[in-house]
Amino acid sequence: MPEVNVEINGRKYRMACEEGQQQHLIGLAERFNTHVEALKGAVGEIGDNRLTVMAGIAVVDELAEAEKRIKALETEVLVLTRAGQEVAAEIEALEVKFAARLTDAAKVLEGVAGVLDEAAPLPLG
(Lines give C-alpha, C1' and ligand atoms only; values in the text may rest on other atoms or scores of the structure.)
Protein backbone atom coordinates (compact mmCIF):
# COMPACT_ATOMS: atom_id res chain seq x y z
CA MET A 1 0.00 0.00 0.00
CA PRO A 2 1.54 3.32 -1.05
CA GLU A 3 2.28 6.03 1.49
CA VAL A 4 2.45 9.78 1.06
CA ASN A 5 3.67 12.60 3.25
CA VAL A 6 1.21 15.41 3.88
CA GLU A 7 1.54 18.58 5.92
CA ILE A 8 -1.20 19.91 8.19
CA ASN A 9 -0.58 22.99 10.32
CA GLY A 10 3.16 22.78 9.78
CA ARG A 11 3.41 19.13 10.81
CA LYS A 12 4.19 16.29 8.48
CA TYR A 13 2.14 13.10 8.54
CA ARG A 14 2.80 9.85 6.70
CA MET A 15 -0.44 8.36 5.42
CA ALA A 16 -1.26 5.18 3.55
CA CYS A 17 -3.70 5.14 0.67
CA GLU A 18 -4.90 2.94 -2.14
CA GLU A 19 -2.75 2.56 -5.23
CA GLY A 20 -3.28 5.48 -7.60
CA GLN A 21 -4.82 7.69 -4.91
CA GLN A 22 -1.60 9.41 -3.83
CA GLN A 23 -2.22 12.73 -5.59
CA HIS A 24 -5.84 12.75 -4.49
CA LEU A 25 -4.84 12.30 -0.85
CA ILE A 26 -2.20 15.03 -1.14
CA GLY A 27 -4.81 17.36 -2.66
CA LEU A 28 -7.28 16.62 0.13
CA ALA A 29 -4.63 17.28 2.77
CA GLU A 30 -3.69 20.58 1.10
CA ARG A 31 -7.34 21.59 1.02
CA PHE A 32 -7.83 20.69 4.67
CA ASN A 33 -4.65 22.55 5.58
CA THR A 34 -6.10 25.63 3.87
CA HIS A 35 -9.01 25.46 6.34
CA VAL A 36 -6.63 25.04 9.26
CA GLU A 37 -4.49 27.97 8.17
CA ALA A 38 -7.56 30.18 7.61
CA LEU A 39 -8.85 29.39 11.08
CA LYS A 40 -5.43 29.97 12.58
CA GLY A 41 -5.37 33.37 10.90
CA ALA A 42 -8.87 34.17 12.20
CA VAL A 43 -8.59 32.92 15.80
CA GLY A 44 -4.86 32.77 16.40
CA GLU A 45 -2.95 29.98 18.09
CA ILE A 46 -5.50 28.01 20.10
CA GLY A 47 -3.79 24.63 20.20
CA ASP A 48 -3.31 22.01 17.52
CA ASN A 49 -6.14 19.71 18.59
CA ARG A 50 -8.72 22.45 18.95
CA LEU A 51 -7.66 24.03 15.66
CA THR A 52 -7.88 20.69 13.87
CA VAL A 53 -11.31 19.96 15.35
CA MET A 54 -12.58 23.38 14.34
CA ALA A 55 -11.24 22.91 10.80
CA GLY A 56 -12.83 19.46 10.64
CA ILE A 57 -16.18 20.89 11.71
CA ALA A 58 -15.87 23.65 9.09
CA VAL A 59 -15.21 21.04 6.41
CA VAL A 60 -18.17 18.92 7.54
CA ASP A 61 -20.32 22.08 7.51
CA GLU A 62 -19.32 22.68 3.88
CA LEU A 63 -20.11 19.06 3.13
CA ALA A 64 -23.55 19.38 4.75
CA GLU A 65 -24.28 22.51 2.69
CA ALA A 66 -23.14 20.74 -0.48
CA GLU A 67 -25.38 17.76 0.34
CA LYS A 68 -28.36 20.12 0.83
CA ARG A 69 -27.62 21.73 -2.52
CA ILE A 70 -27.31 18.33 -4.20
CA LYS A 71 -30.64 17.26 -2.69
CA ALA A 72 -32.28 20.48 -3.93
CA LEU A 73 -30.81 19.95 -7.40
CA GLU A 74 -31.98 16.32 -7.45
CA THR A 75 -35.48 17.49 -6.58
CA GLU A 76 -35.31 20.13 -9.30
CA VAL A 77 -34.14 17.54 -11.84
CA LEU A 78 -37.03 15.27 -10.82
CA VAL A 79 -39.56 18.11 -11.23
CA LEU A 80 -38.10 19.08 -14.61
CA THR A 81 -38.03 15.45 -15.74
CA ARG A 82 -41.69 15.00 -14.84
CA ALA A 83 -42.57 18.28 -16.57
CA GLY A 84 -40.67 17.13 -19.64
CA GLN A 85 -42.52 13.82 -19.63
CA GLU A 86 -45.84 15.65 -19.37
CA VAL A 87 -44.92 17.93 -22.27
CA ALA A 88 -43.83 14.92 -24.33
CA ALA A 89 -47.16 13.21 -23.61
CA GLU A 90 -49.06 16.36 -24.62
CA ILE A 91 -47.04 16.61 -27.83
CA GLU A 92 -47.75 12.97 -28.60
CA ALA A 93 -51.49 13.51 -28.03
CA LEU A 94 -51.42 16.58 -30.30
CA GLU A 95 -49.59 14.58 -32.98
CA VAL A 96 -52.28 11.88 -32.82
CA LYS A 97 -55.05 14.53 -33.13
CA PHE A 98 -53.21 16.24 -35.99
CA ALA A 99 -52.75 12.93 -37.82
CA ALA A 100 -56.46 12.15 -37.42
CA ARG A 101 -57.46 15.59 -38.75
CA LEU A 102 -55.01 15.29 -41.60
CA THR A 103 -56.50 11.91 -42.50
CA ASP A 104 -60.01 13.42 -42.39
CA ALA A 105 -58.89 16.32 -44.60
CA ALA A 106 -57.33 13.89 -47.09
CA LYS A 107 -60.62 11.95 -47.29
CA VAL A 108 -62.57 15.16 -47.95
CA LEU A 109 -60.10 16.17 -50.65
CA GLU A 110 -60.35 12.73 -52.25
CA GLY A 111 -64.14 13.08 -52.25
CA VAL A 112 -63.93 16.51 -53.85
CA ALA A 113 -61.48 15.19 -56.44
CA GLY A 114 -63.87 12.33 -57.21
CA VAL A 115 -66.79 14.71 -57.71
CA LEU A 116 -64.69 16.93 -59.95
CA ASP A 117 -63.57 13.96 -62.01
CA GLU A 118 -67.19 12.90 -62.52
CA ALA A 119 -68.36 16.40 -63.38
CA ALA A 120 -65.59 17.23 -65.80
CA PRO A 121 -66.58 16.93 -69.43
CA LEU A 122 -64.59 14.52 -71.49
CA PRO A 123 -62.51 16.23 -74.11
CA LEU A 124 -63.69 15.64 -77.68
CA GLY A 125 -61.00 14.93 -79.90
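For clarity, every value in this text was computed on a predicted model and none was experimentally measured. (Residues numbered from 1 in each chain as written. Predicted model: local features only at pLDDT ≥ 70, side-chain atom pairs only at ≥ 80, totals over all residues. Heavy atoms only, no water.)

(A) Up close: the pairing of strand 1 (residues 3-8). By the alternation rule, side chains of strand 1 split into Val4, Val6 and Ile8, which are all buried, and Glu3, Asn5 and Glu7, of which none is buried. As defined by bridge partners, strand 1 adjoins strand 2 (residues 11-16) across six bridges and the pair is classed as antiparallel. Note that in strand 2 the partner of asparagine 5 across the bridge is arginine 14. Counting the residues that bridge the hairpin from strand 1 to strand 2 gives two residues, and of these asparagine 9 lies at a positive phi of roughly 55°. (Buried < 20%, exposed > 50% of the residue type's maximum accessible area, 1.4 Å probe, protein only. Helix = DSSP H or I, 4+ residues; strand = E, 2+ residues; numbered from the N terminus. Pairing = 2+ DSSP bridges.)

(B) Geometry of the layout of surface pockets. Empty space within the largest pocket amounts to approximately 230 Å³. Surrounding the largest pocket, Val6, Ile8, Tyr13, Met15, Leu25, Leu28, Ala29, Arg31, Phe32, His35, Val59 and Glu62 form its lining. Elements supplying a minimum of two residues to the lining of the largest pocket: strand 1, strand 2, helix 1 (22-43) and helix 2 (48-119). Sorting elements by how many residues they give to the lining of the largest pocket places helix 1 first, with six residues. Split by residue class, the lining of the largest pocket holds nine nonpolar, one polar and two charged. (1 Å grid on protein atoms, 1.4 Å probe; cavity = no way out; pocket = protein on both sides within 12 Å on 5 of 7 lines; lining within 4 Å. Points joined across faces, edges and corners; volume = space filled by probe spheres on them. Nonpolar A, V, L, I, M, F, W, Y, C, P; charged D, E, K, R; others polar.)

(C) Helix 1, seen in detail. Between the first and last C-alpha of helix 1 there are 31 Å, a value that for 22 residues agrees with the 32 Å anticipated at 1.5 Å per step. Listed in full, the buried residues belonging to helix 1 are Leu25, Ala29, Asn33, His35, Val36 and Leu39. One face of helix 1 carries all of its buried residues, which in axial projection span an arc of 155°. Residues of helix 1 that are exposed and point over 90 degrees away from its buried face: Gln23, Glu30, Arg31, Thr34, Gly41 and Ala42. The secondary structure elements touched by the buried residues of helix 1 are strand 1, strand 2 and helix 2. (Expected span 1.5 Å × (residues − 1). Arc of directions from axis to C-beta. Contact = heavy atoms within 4.5 Å.)

(D) Here's a closer look at unusual backbone geometry. Despite not being glycine, asparagine 9 has its phi angle at roughly 55°, a positive value. Within the fold, asparagine 9 resides in the loop between strand 1 and strand 2. On the accessibility criterion, asparagine 9 (13% relative accessible area) is buried.

(E) Spotlight on the UniProt feature "coiled-coil region" (unreviewed entry) in the protein chain. Sites flagged by UniProt as "coiled-coil region" (unreviewed entry) map to residues 56-83. Secondary structure across residues 56-83 divides into 100% helix and 0% strand, with the first and last C-alpha atoms of the span separated by 40 Å. (UniProt positions renumbered as here; feature names shortened; annotations may be inferred.)

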